[in-house]
Amino acid sequence: MILSKEKLGALVEQVKISGALFAAPAVDGGQVVMKSVNVADEISFDYVITANSAKEYLFPQTETIAVVEIEKNKVKLSAVEPDAPETVLFGVRPCDAAAFASLRSVFTWDFIDESYTKREDKSIVLSVACTKGDEGCFCTSVGLKPDTTDGSDLQLKETTDGGSFVVEALTDKGKEFVKKFSDVFDDGSADTKAIFTPDEIPGGVDIEKIKERLADPAHYADPVWPELARKCFGCGACTFSCPTCHCFDITDEGDVFSTERKKNWDACQIDNFTLHASGHNPRDTQTKRWRNRFMCKFHIYPKKFTTKGCVGCGRCVRVCPVRLDITEVMAEFSK
Amino acid sequence: MSDLYIPKLVRIEDVVEEAPDVKSFRLVFQDEELRDSFKFETGQFGLYSAFGYGESTFCIASSPTQKGFIQCTFRASGRVTNALSALSIGDTMGFRGPYGNSFPVEEWKGKNMVFIAGGIGLPPVRSVIRYALDRREDFGDITIVYGSKSVADLVYKNELAHWDERADINCIQTVDPGGETEDWKGKVGFVPTVLEEAAPSADNTIAIICGPPIMIKFCLSALDKLGFNDEQVYTTLENKMKCGVGKCGRCNVGDIYVCKEGPVYSAAEVKKMYDDF
């Protein structure tokens, strides 16, 4: 099946008419980001990976979960239903698509966070396999591929002439989407561009070895940790750009008469993240906080949630202001 | 449920000023049906809302044997707890819970109990103490070792006086050196030292510890000297939490989510954990 780039305009239009949101890579502030678009002309194809991941469409940076009105002793508390529009996520990179299973595993173990599941259920993921990459990409080192289909409902591969995509419907949701918007999809097939393959991480990475080393609590005392994490100053950019980071805070924003209870992204790299009221802080140094992030990605996620904590998108490497490179730590712990 | 993080409204029925900056609230659900149906176990915790300010996590300090209300005790030390502290009788606040595991009190029938607490660490232990006193015949000897920085900082002063009077409880109170007053009748010394001097028998005994991490550490070695093994000793890890349901990512000790698998652990379990306290 073929989706011609010329017909993308019709697809965006029809999706918008159906009432759904159409999010796609588009230029904003000089970089390509996942954003809601109204016309196909806004869509950019010139990107390795969007600056933000598609995570925020399922797990928004901020969301109101309740509204509270307070008048003397009368408190009126109203829960706010999650805003979960039908959403088409177009042009998602396969690594970002694979991250949705990780987020779901956290938001559904035992207690179910319906804000997440409702949005995921109402979204459809059209990933585009990678034909280019950069030095930040390392999906193949975490067991994924630039054309992995995990988490995608439809996967698109750019044709050699660059004018179309070869489309593969992978799920029932994907097949229904094709049926619903059948006039933009054409039968047929074509040659596709070569898939980009990231370079191997220098020194080599052995995920099983990393897991094995992290499973032993003794590694906390390893003198390599302060060395590895020394540069980190705790800005949290790695966590905010990460497609699998799930931490959040619950805060009230407003005043004592009217307030919104919000669920906002938070970051384990911030110094007061685990600070107790007593002043005691279990993760009181940046080394401990950085170690926790690595533990979360390569031990907690795989062990506790049986999903991937890292999909190798490389955003944390690209955005880090001190060039702290997670792949160097992966290589160190593969020894 | 989409109301996963939505608190229930509770009315403050009573306020007790326990110590400087420390208050206890007696809370009753606005929803009458919930007053009867609400159930919890000793050691479980909740998230308490001061609307306009946010939520804080503390244990439920009352015992499941006390029906119709719950009690919490907290120190005003941050944005939310200061806002809670400013509330008074009749005011409305929020509660969600109970969350987490609990002390296996049913398994402890017929055992002697040693309760060890420091400062604001008494509230979670107090839930079990109340439970044991309400079912006194189910337990053997009861020893309470409680200490704080100063006499003023002791919480539950009324209850301490009552426990002191009872012949069927060995209640030992202590304050840190320099924290005593002229008429102080209790001990002067740190909790681990006082515990070692009291030397409760380890035979058929369960010990519960809650307090500052440093106190817990030294009490564990004191209990070890007294012959307690790690399966006889329990503690509750009161880590910072925002969700209470295993999502927000901050209470973990290595791969253990304290809000889900805890907060109650045996010393044997604690010793196997990652050094993340």
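Residues numbered from 1 in each chain as written. Chains lettered and ligands numbered in written order. Predicted model: local features only at pLDDT ≥ 70, side-chain atom pairs only at ≥ 80, totals over all residues. Heavy atoms only, no water.

**What about the overall build of chain B?**
To keep it simple, the criterion reads: Where helices and strands are cited, they refer to DSSP runs of H or I of at least four residues and of E of at least two residues respectively, numbered from the N terminus. Atoms counted for the radius of gyration: C-alpha only. Globule rule: 2.2 Å times residue count to the power 0.38. In what follows, a contact means two residues having at least one pair of non-hydrogen atoms within 4.5 Å.
In terms of helices and strands, chain B carries 8 helices and 15 strands. The C-alpha radius of gyration of chain B comes to 18 Å, within 12% of the 19 Å expected for a compact globule of 277 residues. A principal-axis box enclosing the C-alpha atoms of chain B has dimensions of 50 × 45 × 35 Å. Pairs at least 24 apart in sequence give 68% of the contacts found in chain B among residues at least 6 apart.

**Quick word on the sheet that holds strand S8 (residues 154-158) of chain A**
Residues and elements named next belong to chain A. Formally: Any two strands with at least two DSSP-identified bridges between them are counted as paired. Structural elements are reduced to axes, namely lines fitted to C-alpha atoms, with helices fitted over the stretch in contact, and the angle between N-to-C directions of any two is expressed from 0 to 180 degrees.
Strand order in the open sheet made by the 8 strands is S3-S2-S6-S7-S8-S9-S1-S10, with mixed pairing throughout. For this open sheet the edge positions go to strand S3 (31-36) and strand S10 (185-186), each flanked by a neighbour on one side alone. Sheet topology places strand S2 (residues 21-28) next to strand S6 (residues 87-92); 3 bridges connect them, and they run parallel. Following the sheet pairing, Leu21 is matched in S6 by Thr87. Of the strands in this sheet, S6, strand S7 (123-128), S8, strand S9 (164-169) and S10 are in contact with helix H4 (residues 172-180), which crosses S7 at around 90 degrees.

**Re a nonpolar patch on the surface**
We apply this condition: Patch definition: residues above 30% relative accessible area lacking any salt bridge, with like charges linked at up to 9 Å and the nonpolar side chains Val, Leu, Ile, Met, Phe, Trp and Tyr linked at up to 5 Å. Computed with a 1.4 Å probe, the accessible areas rest on the Shrake-Rupley method; for each residue, only the protein chains presented here act as cover. We define a salt bridge as a side-chain nitrogen of Lys or Arg found within 4 Å of a carboxyl oxygen belonging to Asp or Glu. Buried residues are those whose accessible area, probed at 1.4 Å on protein chains only, stays under 20% of the maximum for their type, while exposed residues exceed 50% and partly exposed ones sit between those limits.
Taken together, the side chains of Val256 and Phe257 of chain A together with Tyr53 of chain B define a hydrophobic patch exposed on the protein surface, amounting to about 280 Å² of accessible area. With respect to the secondary-structure elements, Phe257 of chain A resides in the loop between strand S11 (248-254) and strand S12 (258-265). A residue is classified by how much of its surface remains accessible, and Phe257 of chain A, at 58% relative accessible area, is exposed.

**Brief notes about the nonpolar core**
How we decide: In plain words, nonpolar cores are sets of buried Ala, Val, Leu, Ile, Met, Phe, Trp, Tyr and Cys residues tied together by side-chain atoms within 4.5 Å.
Core analysis: the biggest nonpolar cluster contains 45 residues, and Leu89, Phe100 and Phe248 of chain A together with Tyr5 of chain B have the highest contact counts within it. Counting residues per element, the ones that place at least two in this core are strand S4 (62-71), S6, helix H2 (94-108), S11 and helix H8 (286-305) of chain A together with strand S3 (45-50), strand S14 (256-257) and helix H7 (258-261) of chain B. Of the residues forming this core, the biggest block, 5 residues, is contributed by H2 of chain A. Apart from the residues lying within four places of it in its own chain, the contact partners of Tyr5 of chain B are Ile65, Asp113, Phe248, Ile250 and Lys263 of chain A together with Arg96, Cys243, Val245 and Lys247 of chain B. Counting 36 residues, the second largest nonpolar core, distinct from the first, contains Trp108, Cys171, Val175 and Cys210 of chain B.

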